[in-house]
Amino acid sequence: MQATAVLGPSSVCVVQTGETYACSPGESLLRGMLRLGRKGIPVGCVNGGCGVCKVRIVEGQIKALGPISRAHVTLDEENQGYTLACRVAPQTPVNLEVAGKLSKPFSKGRAESATASPSIQQQ
């Protein structure tokens, strides 16, 4: 008997947070998370241009939805399981680790810049 591809949603788990959500076939890992209002993977441009949603696939199979810029994921990194969550879809259940160092990327930075140089902020 031959194995068949999963036709329904696949479970995606963000290892660091334990957050799990269902992602439909053909839907990027990032869009699946956003559609359900979940958090865990940092969100940027959502089309591969910024590299903010860089993840490492720990377990599971994915398929590419489009090219991944070598500016964000080198060939060596790709061979280690790194990819952009906005450019791949799950083929099986997936466990992933967020690779970026962004945790609440704007809240702390804005507060520091507001106190560090108040003369720059003009509105």
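Being a predicted model, the structure only gives us computed values, none of them experimental.

Enquirer: Help me get a handle on the overall build of the chain, residues and values and all.
Expert: When helices and strands are counted, the chain shows 3 helices and 7 strands. Traced from its N-terminal end to its C-terminal end, the chain shows the element sequence β-β-α-β-β-α-β-β-β-α. For the chain, the proportion of its 123 residues judged to be buried stands at 30%. Residue pairs at least 24 apart in sequence account for 59% of intrachain contacts in the chain once pairs closer than 6 positions are excluded. Accessible surface, the chain: about 7,800 Å² in total, of which carbon and sulfur atoms supply 53%.

Enquirer: Describe the packing of aromatic side chains, naming the residues involved and giving the relevant values.
Expert: Throughout the structure, instances matching the rule amount to 0 aromatic pairs. In this arrangement the basic side chain of Lys 54 is found over the ring face of Tyr 82, its NZ or CZ atom lying 5.7 Å from the centre.

Enquirer: Break down the side chain of Ser 28 for me, citing the residues and quoting the values.
Expert: With respect to the helices and strands, the residue Ser 28 is situated in the loop between β2 (19-23) and α1 (29-35). A polar side-chain atom of Ser 28 sits 2.9 Å from the main-chain amide nitrogen of Arg 31. Among all residues touching Ser 28, those that are not within four sequence positions of it are Cys 23, Leu 65, Ala 85, Cys 86, Arg 87, Val 88 and Ala 89.

Enquirer: A description of the nonpolar core should follow, citing residues and the corresponding values.
Expert: In terms of nonpolar packing, the biggest core is built from 21 residues, with Tyr 21, Leu 29, Leu 30, Ile 41, Cys 53, Ala 85 and Leu 96 touching the most fellow members. Within the residue set of this core, elements represented by two or more residues are β1 (10-14), β2, α1, β3 (54-59) and β7 (94-98). Ignoring any residue separated from it by four or fewer positions in sequence, one finds Leu 30 in contact with Ile 41, Pro 42, Val 43, Val 46, Cys 53, Ala 85 and Cys 86.

Enquirer: So what about the pairing of β3? Which residues, and what values?
Expert: In summary, the side chains of a regular strand alternate between the two faces of the sheet. In this structure, β3 lies alongside strand β5 (residues 82-84), joined through 3 bridges in antiparallel fashion. Following the sheet pairing, Val 55 is matched in β5 by Thr 83. Alignment of β3 against β7, held across 4 bridges, turns out to be antiparallel. Its bridge partner being in β7, Ile 57 is matched across the sheet by Leu 96.

Enquirer: If you had to explain the pattern of salt bridges to someone new, which residues and values would you point to?
Expert: Oppositely charged side chains may form a pair once their charged atoms are brought near each other. For the coordinates displayed, the defined rule picks out 5 salt bridges. Measuring nitrogen to oxygen at the nearest pair gives 2.7 Å for the salt bridge that ties Arg 35 to Glu 27. Its relative accessible area of 46% is what places Arg 35 among the partly exposed residues. Among the ionic pairs, Glu 97 bridges to Arg 56, the shortest N-O distance being 3.1 Å. With Glu 97 in strand β7 and Arg 56 in strand β3, this pair connects stretches of sequence that are 41 residues apart. Given a relative accessible area of 27%, Glu 97 falls into the partly exposed group. Judged by its relative accessible area of 24%, Arg 56 is partly exposed.

Enquirer: Any chance you could break down the pairing of β1 for me, citing the residues and the numbers?
Expert: Of all 5 residues in β1, 4 are buried; the element is thus mostly enclosed. Note: β1 against β2, 5 bridges, orientation antiparallel. Following the sheet pairing, Ser 11 is matched in β2 by Ala 22.

The rules behind these values
Residues numbered from 1 in each chain as written. Predicted model: local features only at pLDDT ≥ 70, side-chain atom pairs only at ≥ 80, totals over all residues. Heavy atoms only, no water. Helix = DSSP H or I, 4+ residues; strand = E, 2+ residues; numbered from the N terminus. Buried < 20%, exposed > 50% of the residue type's maximum accessible area, 1.4 Å probe, protein only. Contact = heavy atoms within 4.5 Å. Areas by Shrake-Rupley, 256 points an atom, 1.4 Å probe, with all protein chains shown as cover. Phe/Tyr/Trp six-rings, centres within 6.5 Å; stacked < 30°, edge-to-face > 60°. Lys NZ or Arg CZ within 6 Å of the ring centre and 35° of its normal. Polar contact = N/O pair within 3.5 Å; in protein donor to acceptor, adjacent residues only side chain to side chain. Core = buried A, V, L, I, M, F, W, Y, C linked by side-chain atoms within 4.5 Å. Pairing = 2+ DSSP bridges. Salt bridge = Lys/Arg side-chain N within 4 Å of Asp/Glu carboxyl O.

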